[in-house]
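These are the residues of each chain, in order.
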Amino acid sequence: RKREETRGNQMVELILENEQDKEELTPEIEKVIKDVCVAVMEEEECDFDAEISVTLVDNDTIRSINKEQRDIDRATDVLSFPMLEFDEDGISDELVMLGDIVISMERAREQANEFGHSFLREVAFLTAHSMLHLLGYDHVDDKEGEEIMCEKQERVLTSLGITRD
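The present account deals with the structure reproduced in this document. Everything numeric in this text was worked out from a predicted model, so none of it was measured.

### Notes on the overall build of the protein
For the protein, the count of helices and strands is 5 helices and 5 strands. Taken from the N to the C terminus, the helices and strands of the protein come in the order β-β-α-β-α-β-β-α-α-α. Long-range contacts, defined here as pairs at least 24 residues apart, represent 65% of the contacts in the protein between residues at least 6 apart. Surface summary for the protein: the accessible area is close to 8900 Å², and the carbon and sulfur share equals 41%.

The structure is reproduced here in structure tokens:
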């Protein structure tokens, strides 16, 4: 299902697929995923139209994707598959396919319980985290990169009123 959101002169097209039955996909969850995608684009001052694919899965599915794509045989919370390489030339003014986000709703529920905050907040956090990966940020073996991502994620979630409470 496609949802379009316009912000300023930019448009974000979100393709949201629910391929799991462990958690209900409520209108509130759909809205928070879209809002976080848009807010990250605004935070990063992206001046292009973007398409983002978000697929919601369970632990078994994300485990098999993780094994196939990264040779890591375990479930994880979120996977990001950027489609765009950023360089100093910038990008064209056409609709840009940023990439794919795969979220394990089952793992999101487990982590929300583990960290003592809402399921909605965990889904929002995972979406923000993955969006930053799609925009070129990384934290693997990079302490500074991890700190930058943490600050940006918190800024986006705070701007949307999504707190740990």
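Right, picking up where we left off after that structure.
### Here we look at the side chain of Ser-130
Relative to the helices and strands, Ser-130 resides in helix α4 (residues 119–134). Those residues in contact with Ser-130 that lie beyond four places of it in its chain are Val-78, Leu-79, Ser-80 and Ile-101.

### Focus: the packing of helix α1 (residues 27–43) against α4
Packing of α1 against α4 leaves a shortest axis separation of 9 Å and a crossing angle of 35°. Helix-helix and strand crossings are classified by hand; for α1 and α4 the assignment is right-handed. Residue-level inspection shows Glu-28, Ile-29, Val-32, Ile-33, Val-36, Cys-37, Val-40 and Met-41 of α1 in contact with α4, the latter providing Phe-119, Leu-120, Val-123, Ala-124, Thr-127, Ala-128, Met-131 and Leu-132. Considered class by class, the residues forming the contact of α1 with α4 number 14 nonpolar, 1 polar and 1 charged.

### A few points about unusual backbone geometry
The phi dihedral of Glu-45 is positive, around 55°, even though this residue is not glycine. Along the chain, Glu-45 falls in the loop between α1 and β3 (50–57). Given the relative accessible area of 69%, Glu-45 is considered exposed. The phi torsion at Asp-71 lies on the positive side, around 60°, for a residue other than glycine.

### Considering the nonpolar core
Ile-33, Val-36, Ile-52, Val-54, Leu-98 and Met-131 are the most contacted members of the largest nonpolar core, which has 41 residues in total. Broken down by secondary-structure element, the contributors of at least two residues to this core are β2 (10–18), α1, β3, β5 (96–104), α3 (105–115), α4 and α5 (143–159). The biggest single contributor to this core is α1, with 9 residues. With near-sequence residues (within four places) excluded, Val-54 lies in contact with Leu-14, Ile-15, Leu-16, Glu-17, Ile-33, Ile-101 and Ile-103.

### Structural notes on the pattern of salt bridges
Side chains that differ in sign of charge can pair as their charged atoms come close. Under the criterion given, the structure shown has 9 salt bridges. With a shortest N-O distance of 2.9 Å, Glu-44 and Lys-152 are connected by a salt bridge. With Glu-44 in the loop between α1 and β3 and Lys-152 in helix α5, this residue pair connects regions lying 108 residues apart in the sequence.

### What about the packing of aromatic side chains?
Tallying each qualifying case throughout the model produces 0 aromatic pairs. One residue, Arg-109, lies across the ring of Phe-119, its end atom 4.1 Å from the ring centre.

### Let's talk about the side chain of Ser-104
With respect to the helices and strands, Ser-104 occurs in strand β5. Ignoring sequence-local partners within four residues, the contact set of Ser-104 consists of Val-57, Asp-58, Asn-59, Ile-62, Thr-76 and Asp-77.

### Considerations on α4
With 16 residues, α4 should cover 22 Å at 1.5 Å per step; its first-to-last C-alpha distance of 23 Å lies within 8% of that length. With 14 of its 16 residues buried, α4 lies for the most part within the structure. Positive backbone phi, approximately 105°, marks Gly-136, located one or two places after α4.

### Describing the layout of surface pockets
In this structure, the largest pocket spans a volume of roughly 590 Å³. Residue lining of the largest pocket: 23 residues in total, with Val-78, His-129, His-133, His-139 and Val-140 positioned closest to the centre. Broken down by secondary-structure element, the contributors of at least two residues to the lining of the largest pocket are β4 (78–82), α4 and α5. Ranked by the residues each element gives to the lining of the largest pocket, the list is headed by α4, at 5 residues. Of the residues assigned to the lining of the largest pocket, the class counts are 12 nonpolar, 7 polar and 4 charged. The calculated volume of the second largest pocket comes to roughly 170 Å³. Taken together, 14 residues form the lining of the second largest pocket, with Phe-115, Arg-121, Glu-122, Phe-125 and Arg-164 sitting closest to its centre. Those elements that place two or more of their residues in the lining of the second largest pocket are α3, α4 and α5. The residue inventory of the lining of the second largest pocket, partitioned by class, reads 4 nonpolar, 3 polar and 7 charged.

Conventions we followed
- Residues numbered from 1 in each chain as written.
- Predicted model: local features only at pLDDT ≥ 70, side-chain atom pairs only at ≥ 80, totals over all residues.
- Heavy atoms only, no water.
- Helix = DSSP H or I, 4+ residues; strand = E, 2+ residues; numbered from the N terminus.
- Contact = heavy atoms within 4.5 Å.
- Areas by Shrake-Rupley, 256 points an atom, 1.4 Å probe, with all protein chains shown as cover.
- Axes fitted to C-alpha atoms, helices over the stretch in contact; angles between N-to-C directions.
- Left-handed = near helix turned anticlockwise from the far one by under 90°.
- Nonpolar A, V, L, I, M, F, W, Y, C, P; charged D, E, K, R; others polar.
- Buried < 20%, exposed > 50% of the residue type's maximum accessible area, 1.4 Å probe, protein only.
- Core = buried A, V, L, I, M, F, W, Y, C linked by side-chain atoms within 4.5 Å.
- Salt bridge = Lys/Arg side-chain N within 4 Å of Asp/Glu carboxyl O.
- Phe/Tyr/Trp six-rings, centres within 6.5 Å; stacked < 30°, edge-to-face > 60°.
- Lys NZ or Arg CZ within 6 Å of the ring centre and 35° of its normal.
- Expected span 1.5 Å × (residues − 1).
- 1 Å grid on protein atoms, 1.4 Å probe; cavity = no way out; pocket = protein on both sides within 12 Å on 5 of 7 lines; lining within 4 Å.
- Points joined across faces, edges and corners; volume = space filled by probe spheres on them.

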